[in-house]
Amino acid sequence: MAVFRPGAARAARGLAVWLDERLGSGRWLRPALRKPFPGHWSFLLGELALYAFALLVLTGAFLTLFYEPSTGGAYPSVRGLSLEIRGGLLVRGLHHWSATVFVLAIVAHLCRVFFTGAFRRPREAAWVLGVVIFGLVLAESFLGVSLPADRLGFTGLREAQGLLLSVPVAGAYVSRLLFGGDFPGEVVPRLFVAHVLLVPGVLLAAVPLHALVLTWRQGHTERRRPGAREGRVSGGPFFPSFAARNAGTALATAAAIALLATLFPVGAGWAGHHGPYHPGAPPPSAQPFWYAGVLEGALRLAPPWEVTVGPYTLPVGLWLPPLALAAFFVALLAYPFAERRVTGDRGEHHLLDRPARAPGRTALGVAVIVFFAVLWAGTWVSVIPPDPWSPQPTLVTSEGIYRGIVYGLRAAVFVLPVAAYALTRVWCRRHARRHPESPAPAAAPDAPGAGPPP
């Protein structure tokens, strides 16, 4: 057991006084340490994403020491890192699962903010920045999957190049700029720069701004419960209450990611199952990652529509999935302002909505989730490959049955979201009638753990 001697206490006090005299830290550090933070577990989803991002950066820095960013040397370096470097396979697993937990936490945090209305004034800027971070993280994940230069990564990259080449005139120039010639060209060094420097650099600036600066300046939202009111945050102070919970969340996040990396190692890329990419090689038998499966499923379900304009044949059906994804992100960016315009609500909100009390917003969110779930279902089944020696997908069926599944999912894309919207709206209204919300009494000015947001 540690014993603090009077000399050590005087030294610590002297150091604190010395820093305060030169930096004026006491004026802002003392109120910051006493700032109240909410106690509900859902408010830790953002912190969970933050700690996964920190582990992602640390493991990525280790991997760059052994990775060779060249088309011919990328796969051998990844294989050598996995088999010859002590702990290399574990660090690869930590990096992979950190990215997965990071995306999952962002999606969960985004859903919590949307369904509770935490994006309303004065937090529109935090919402917009969070959506931008979400888009950057998805792009960063796609770049990372392509870096091993195996058949799995380059299959998705080849599809992306095909989308570029389908754009008349400009597509060929953009493809040559990105790939440096015919596929794969010099794409690996450019992917490496984007994955290691460009996108992480933007994220390292945007994540602290979103998670710390804006949140600290605007204050936290408060759950709607008896005793809560606008302009007050109840909960424990940042130190020691919230700091202790944050430390526990960080340790639990690291432990869970380490357990996943140990029990489910990243083995397909180094064990030779996918192997290095060779032109003309069949695509591997693997399902895309769940956050990439939405776009892959949409490409499978999109009808093969083509429009001829002069000398150009425009594959409109091929453009529908990326255009729909772009429209989704534009809608996310504009939603706080669109809802404010529709409802006419221009006041400040620090109390969260119960989802059942906002039936329109809740029904819309459920409909969007169902829409993307149907698109993701398009990747679950594949046609039996004609070549018996080619890799076999997980779920296969005949061409006739597969075509029927595709037609059924195409109809479900339009029917199920509408049905989900209607059913959710009815449920919210019935729930609100059965559980009327009692008026919340005002909190006493001297209530413990309560205080106005900064």
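Conventions we followed
- One numbering rule holds for all chains: residues counted from 1, following each sequence as written.
- Local features in a predicted model are, by the rule used here, given only for residues with pLDDT of at least 70; side-chain atom pairs are given and counted only at 80 or more, and totals for whole chains, interfaces and linings are based on all residues.
- Computation of side-chain values: all heavy atoms of the structure, hydrogens and water removed.
- A run of H or I in DSSP becomes a helix once it reaches four residues, and a run of E becomes a strand once it reaches two; helices and strands are each numbered from the N terminus.
- Note on exposure labels: buried denotes an accessible area under 20% of the residue type's maximum, exposed denotes more than 50%, and partly exposed covers the range between, all computed with a 1.4 Å probe on protein chains only.
- Residues count as neighbours in contact if any of their non-hydrogen atoms are within 4.5 Å of one another.
- Shrake-Rupley sampling with a 1.4 Å probe provides the accessible areas, and residues are treated as covered by the protein chains on show and by no other component.
- Within a predicted model, pLDDT stands for the predictor's per-residue confidence, ranging from 0 to 100.
- A carboxyl oxygen of Asp or Glu within 4 Å of a side-chain nitrogen of Lys or Arg is what we treat as a salt bridge.
- Fitted lines through C-alpha atoms serve as axes, helices being fitted only where they are in contact, and the angles separating the N-to-C directions of these axes extend from 0 to 180 degrees.
- In these notes the angle categories are as follows: under 35 degrees is roughly parallel, over 145 is roughly antiparallel, 65 to 115 is roughly perpendicular, and the rest is oblique.
- Take the far helix as your reference; a near helix turned counterclockwise from it by less than a right angle gives a left-handed crossing, and one turned clockwise gives a right-handed crossing.
- Each residue receives one of three labels: charged for Asp, Glu, Lys and Arg, nonpolar for Ala, Val, Leu, Ile, Met, Phe, Trp, Tyr, Cys and Pro, and polar for the others, Gly being one of them.
- Within this analysis, patches are made of residues with over 30% relative accessible area and no salt bridge. Like charges are joined at 9 Å or less; nonpolar side chains (Val, Leu, Ile, Met, Phe, Trp, Tyr) at 5 Å or less.
- Put simply, two rings from Phe, Tyr or Trp (the six-membered ring, in Trp's case) pair if the centres are within 6.5 Å, and we call them stacked under 30 degrees between planes, edge-to-face over 60, tilted for the rest.
- One fewer than the residue count of a helix, multiplied by 1.5 Å, yields its expected span.
- The directions considered for the arc run from the helix axis to the C-beta atoms.
- Only buried residues count toward a nonpolar core, which is a set of Ala, Val, Leu, Ile, Met, Phe, Trp, Tyr and Cys residues joined through side-chain atoms within 4.5 Å.

(A) Highlighting the overall build of the protein chain. Scanning the protein chain from terminus to terminus reveals 14 helices and 8 strands. For the protein chain, buried positions account for 39% of its 454 residues. Partitioning the contacts of the protein chain with sequence separation of at least 6, the portion at a separation of at least 24 is 80%. When the accessible area of the protein chain is evaluated, it comes to approximately 25,100 Å², of which 70% is carbon and sulfur surface.

(B) Fine view of unusual backbone geometry. A cis amide bond links arginine 121 to the next residue, proline 122, at an omega of 15°. Looking at the secondary structure, you find proline 122 in the loop between α5 (88-116) and α6 (124-146).

(C) Representation of the confidence of the model for the protein chain in the model. Summarising the model, the protein chain shows a mean pLDDT of 80, and 78% of its residues fall at 70 or more. Looking at the elements of the protein chain, mean pLDDT is at its lowest for strand β8 (residues 450-451), recorded as 44, and at its highest for helix α13 (residues 359-377), recorded as 93. Here residues 268-272 is a poorly scored stretch, pLDDT under 50, and it has 13 contacts once near neighbours within four places are set aside; other chains count.

(D) Geometry of the pattern of salt bridges. Overall, the coordinates contain 5 salt bridges when judged by the stated rule. Two residues, arginine 340 and glutamate 124, come together in a salt bridge whose shortest N-O distance is 3.1 Å. Of this pair, arginine 340 sits in helix α12 (residues 316-343) while glutamate 124 sits in helix α6; the two residues are 216 residues apart in sequence, bridging distant segments of the chain. Salt-bridge contacts for glutamate 296 lead to arginine 300; the nearest nitrogen and oxygen are separated by 3.6 Å. A residue pair is termed a helical-turn pair when its members lie 3 or 4 positions apart in one helix, as glutamate 296 and arginine 300 do in helix α11 (residues 290-301) at 4 residues. Its relative accessible area of 17% is what places glutamate 296 among the buried residues. Overall, arginine 300 belongs to the partly exposed group, its relative accessible area being 25%.

(E) Representation of the packing of helix α3 (residues 45-64) against α5 within the structure. Packing of α3 against α5 brings their axes to within 8 Å, and their N-to-C directions diverge by 155°. Comparing their axes, α5 and α3 come out roughly antiparallel. Taken as a pair, α3 and α5 cross one another with a handedness that is left-handed. Taken together, the residues of the contact of α3 with α5 break down into 17 nonpolar, 7 polar and 2 charged.

(F) Region of the structure containing a nonpolar patch on the surface. A contiguous nonpolar surface patch, about 360 Å² in accessible area, is contributed by Val169, Tyr173 and Tyr312. Mapped onto the secondary structure, tyrosine 173 falls in helix α8 (residues 170-179). Of the residues examined, tyrosine 173 reaches a relative accessible area of 64% and is grouped as exposed.

(G) Just the packing of aromatic side chains, in detail. Tallying each qualifying case throughout the model produces 15 aromatic pairs. Between the aromatic rings of phenylalanine 114 and phenylalanine 119, the centroid separation amounts to 6.0 Å while the plane-to-plane angle is 25°, which identifies the pairing as stacked. Each member of the pair, phenylalanine 114 together with phenylalanine 119, is buried. Ring geometry for phenylalanine 119 versus tryptophan 127: centroids 5.4 Å apart, planes at 55°, classification tilted. Given a relative accessible area of 5%, tryptophan 127 falls into the buried group. Among the aromatic residues, those joined into a ring-pair cluster are Phe114, Phe115, Phe119, Trp127 and Tyr335.

(H) Broad picture of helix α7 (residues 151-165). Between the first and last C-alpha of α7 there are 20 Å, a value that for 15 residues agrees with the 21 Å anticipated at 1.5 Å per step. All of the buried residues along α7 are Arg151, Gly153, Phe154, Leu157 and Gln161. Considered in projection along α7, the buried side chains sweep an arc of 145° and stay on one side of the axis.

(I) Up close: the environment of histidine 40. Examined against the element boundaries, histidine 40 turns out to sit in the loop between β1 (36-37) and α3. For histidine 40, a relative accessible area of 24% gives the class partly exposed. Taking the C-alpha atoms as reference points, histidine 40 and arginine 223, separated by 183 residues in sequence, lie 8.3 Å from one another. If we skip the residues at most four places from it in the chain, histidine 40 touches Arg223 and Arg245.

(J) Main features of the packing of α6 against α12. Between α6 and α12, the shortest axis-to-axis distance is 9 Å and the interhelical angle comes to 170°. It follows from the interaxial angle that α6 and α12 lie roughly antiparallel. The segment α6 lies against α12, with Glu124, Trp127, Val128, Val131, Val132, Phe134, Gly135 and Leu138 engaging Phe329, Leu332, Leu333, Pro336, Phe337 and Arg340. Class assignment for the residues of the contact of α6 with α12 results in 11 nonpolar, 1 polar and 2 charged.

(K) Region of interest: the nonpolar core. Ranked by internal contacts, the top residues of the largest apolar core, which has 68 residues, are Phe102 and Trp127. Here the element with the most residues in this core is α5; it accounts for 12 residues. Residues in contact with tryptophan 127, not counting those within four places in the same chain, are Leu110, Val113, Phe114, Phe119, Leu332, Leu333 and Pro336.

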